[in-house]
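# Chains, contacts and geometry: an overview
The residues making up each chain are set out below.
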Amino acid sequence: MTDEWWLEDDGDVADPLTVDEFQELHLDLIVLHDSLEGLMRTPTEPDELDPSDGQLSPEEAMQQKKMAQAKRSRMRARLSKAVVALKLVVDEEYGECRRCGEDIGYPRLKPKPETLLCIACAEPTEKKR
Ligand SMILES: [Zn+2]
């Protein structure tokens, strides 16, 4: 198992996905896609409009609405990425950076299977947030 230890690289270069990892991430993507699509179909999120909380002031109601909208637009962005990623799975290009073609790597894809860019390409925009 470990006789390829010398190939391990602690640098920026990620390892390509194994068949098992690819299949696992594909399943994760399908689950993510379906749950996001389900969430997008519900008009309001019940847990964010808690009826037991009593009356909200107009400011609080506005704040809640804004938060719900922001959350929704993030979900929409994630969903469209997931759709692209699922197409890449079909084309067997999933796991490769859309910008430079390098492997994104399993550790980066596992928490966010919809990731389309490697860390080097994504970093400048991720830092801006
Ligand atoms: Zn890249």
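What comes next concerns the included structure. (Residues numbered from 1 in each chain as written. Predicted model: local features only at pLDDT ≥ 70, side-chain atom pairs only at ≥ 80, totals over all residues.)

It is worth spelling out helix H1 (residues 19–41) at this point. Between the first and last C-alpha of H1 there are 33 Å, a value that for 23 residues agrees with the 33 Å anticipated at 1.5 Å per step. Among the residues of H1, those classed as buried are Leu-25, Leu-29, Leu-32 and Leu-36. Elements in contact with the buried residues of H1: helix H2 (58–90) and helix H3 (106–109). (Helix = DSSP H or I, 4+ residues; strand = E, 2+ residues; numbered from the N terminus. Expected span 1.5 Å × (residues − 1). Buried ≥ 20, exposed ≤ 12 C-beta atoms within 10 Å, placed from the backbone. Contact = placed C-beta atoms within 7 Å.)

In the contact formed by H1 and H2, the axes pass within 9 Å of each other and the chain directions differ by 145°. Crossing of H1 against H2: the hand is left-handed. Contact residues: H1 offers His-26, Leu-29, Leu-32, His-33, Leu-36, Glu-37, Leu-39 and Met-40, while H2 offers Met-75, Arg-76, Arg-78, Leu-79, Ala-82, Val-83, Ala-85, Leu-86 and Val-89. Considered class by class, the residues forming the contact of H1 with H2 number 12 nonpolar, 2 polar and 3 charged. (Axes fitted to C-alpha atoms, helices over the stretch in contact; angles between N-to-C directions. Left-handed = near helix turned anticlockwise from the far one by under 90°. Nonpolar A, V, L, I, M, F, W, Y, C, P; charged D, E, K, R; others polar.)

Turning our attention to unusual backbone geometry. Here Glu-92, not a glycine, exhibits a phi torsion of approximately 60°, which is positive. Of note, Glu-92 is situated in the loop between H2 and H3. The exposed category is assigned to Glu-92, around which 9 C-beta atoms lie within 10 Å.

Membership of the largest hydrophobic core is limited to 12 residues, which are Ala-14, Leu-17, Leu-25, Leu-29, Leu-32, Leu-36, Ala-82, Ala-85, Tyr-94, Ile-104, Leu-109 and Cys-118. Those elements that provide at least two residues to this core are H1 and H2. Sorting elements by how many residues they give to this core places H1 first, with 4 residues. Sequence-distant contacts of Tyr-94, that is, excluding residues within four places in its chain, are made with Phe-22, Ala-85, Leu-88 and Val-89. (Core = buried A, V, L, I, M, F, W, Y, C linked by C-beta atoms within 7 Å.)

On to the environment of Val-89. By the secondary structure assignment, Val-89 is in helix H2. Between the C-alpha atoms of Val-89 and Phe-22, which are 67 residues apart in sequence, the distance is 8.5 Å. Filtering out sequence-adjacent residues up to four positions away, Val-89 remains in contact with His-26, Leu-29 and Tyr-94.

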